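Observations on the model geometry
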Amino acid sequence: MDQAEQSPVDADADRAPRGGTAAVFAQHRRAALIAALVFVLLCSGAVFAGTQTGTNEPAAASVAVTPTATPSPTTTVDPARPVPAEPTTARGLRSCSVAGLAADTRLAEFQARVVNATTGEVLFDRGGTSASRTASVMKVLTSAAALNVLGSDYRATTRVVKGAEPGQVVLVGGGDLTLSRLPTGQEPFYTGAAHLDDLATQTRAAWAADPANPPITSLVLDSSYFSGPDWDEGWARTELGLGTMPEITALMVDGDRNDPTRSTSARSEDPVARAGQAFADALGGELALSRATAPAGAAQLGAVQSATVSTLIEQSLIVSDNTVAEMLARLVAIENGAGNSFSALQQGIVGGLAAYGIDTTGMIIKDGSGLSPHNAVSPAYLTALFLKVNAREGNLGVLFDGLPIAGGPRGSLSYSDRFAGANAAADGAVFAKTGWIDTGYTLAGIIHAADGTPLTFAIYAIGTVSSNAKIAIDSLATGFFHCGDNLSNN
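Source: prediction; values computed, not measured.

Across the 9 residues that make up strand β9 (residues 440–448), a large majority, 8, are buried. As paired strands, strand β8 (residues 430–437) and β9 are joined by 8 bridges and run antiparallel to one another. Paired with Lys-433 across the two strands is Ala-444, which belongs to β9. Connecting β8 to the next strand, β9, in antiparallel fashion are 2 residues. Taken together, β9 and the strand that follows it, strand β10 (residues 454–462), pair antiparallel across an intervening segment of 5 residues, in which Gly-452 is found at a positive phi of about 90°.

So, in structure tokens, the structure goes:
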């Protein structure tokens, strides 16, 4: 090492001491003390540095230690694991069970579904996605399709036009099965119906306005707006005598009832002939009757219109009128271009429901009333449709307002055998369409549950059933009412 790089202590040690031996001893003593002090200080610094660095190794005195910040952990998500878009809210297990009611053997081949109408959550399901016969609950689908395709203000029109021969007029049926033969001012079963005597008055006045017209001597009946067959193959022919269903033709009066004022009244074998004779009588005179299609472009002599679709839907739903349901179904099929026969109803009704955006896969439509055992609609479809009815989407509030009400003043849920006894607890809270055919009882609609939750529901009792299936269905619906959003699926 060069002398220029030596420490002062090293340099002093190489020089001769001053002041003799004592002085030399004193100098050595001071040097030793200084060396000891330096050692202590160095050791203390090393210990301090070791403490700061977490080790026992001494740190160099000339190196400054800068603490390093601990990095925050980065959350990573395994892309293979599904992650909810939004956090879910925890809730307790639903504990209100209707298992005992659902096990009632009177329900036979049982299907059902219940949905919270506010959240859309399925609360209860037993075979809810399987399409089965609906009985008269089919009228809900027919009504929904009519509201979409025809609109709530649509009216069916019956017309009279000049015939191809002198003295001839043609009565043209426009699918109004509610047209009445009762005199104007006398209400038939169908409130607000058009009357044949009004049409006859218009016809006579228009005919007389042209002096060149000879007296009316013949009447042609045109029922071509609907094509045959007039009776669905799935319907029991006994329904005519029982008075619950007529032959379906575009020209008839009073739903072809023997008694125009009664809901249930025997029907004839030939509704067109009954309507034609009633109009001939209203025109006044012995007229020759025949059947043909009206001449194209024939001058109109008179016209009358049915009540609106909204009124017809209420009449169809409240007492489960088959005639009006078939009228609406056929008019829907014609209006949307599907055709004018029973075979057109599959395309007509399903197409009419398409605007509601609910999957119709597996749906089978044979008629508009539900009398056919070959119809097939799932409880899941009905509960989804009733979500929209409950929300009054589009024109569907009309459908809601036409539903029978448990314990209500009128309709098929006001009868003494519905929601009786303990089930009366749900009076005023169940808004639903009833259904019955020989092989099934059904009920579907909306429940305003006891806890304030709106529910949509559908219950099917299919197979070998008797009338007491209605009691089991009502009991289950009342159970849904009591449970509300606490309904469990066990």
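Here the narrative resumes.
Pairing between side chains becomes possible if they bear opposite charge and their charged atoms approach one another. With the rule as written, the count across this model stands at 15 salt bridges. As a salt-bridge pair, Asp-485 and Arg-94 come within 3.2 Å of each other at their nearest N and O atoms. Of this pair, Asp-485 sits in the segment after α13 (469–483) while Arg-94 sits in the loop between α2 (20–53) and α3 (99–102); the two residues are 391 residues apart in sequence, bridging distant segments of the chain. Across the pair, exposure class does not vary: Asp-485 and Arg-94 are buried alike. Of the charged contacts, one joins Arg-291 and Asp-270 as a salt bridge, the two residues approaching to 2.6 Å between their closest N and O atoms. Placement of the pair is Arg-291 in strand β6 (residues 288–291) and Asp-270 in the loop between α6 (238–242) and α7 (271–283), with a sequence separation of 21 residues. Relative accessible area serves as the criterion here: at 29%, Asp-270 is assigned to the partly exposed category. Each of Arg-94, Glu-121 and Asp-485 takes part in a single network of salt bridges with overlapping partners.

Rules behind the numbers
- Residues numbered from 1 in each chain as written.
- Predicted model: local features only at pLDDT ≥ 70, side-chain atom pairs only at ≥ 80, totals over all residues.
- Heavy atoms only, no water.
- Buried < 20%, exposed > 50% of the residue type's maximum accessible area, 1.4 Å probe, protein only.
- Helix = DSSP H or I, 4+ residues; strand = E, 2+ residues; numbered from the N terminus.
- Pairing = 2+ DSSP bridges.
- Salt bridge = Lys/Arg side-chain N within 4 Å of Asp/Glu carboxyl O.

Distances and angles like these do not, on their own, reveal function.
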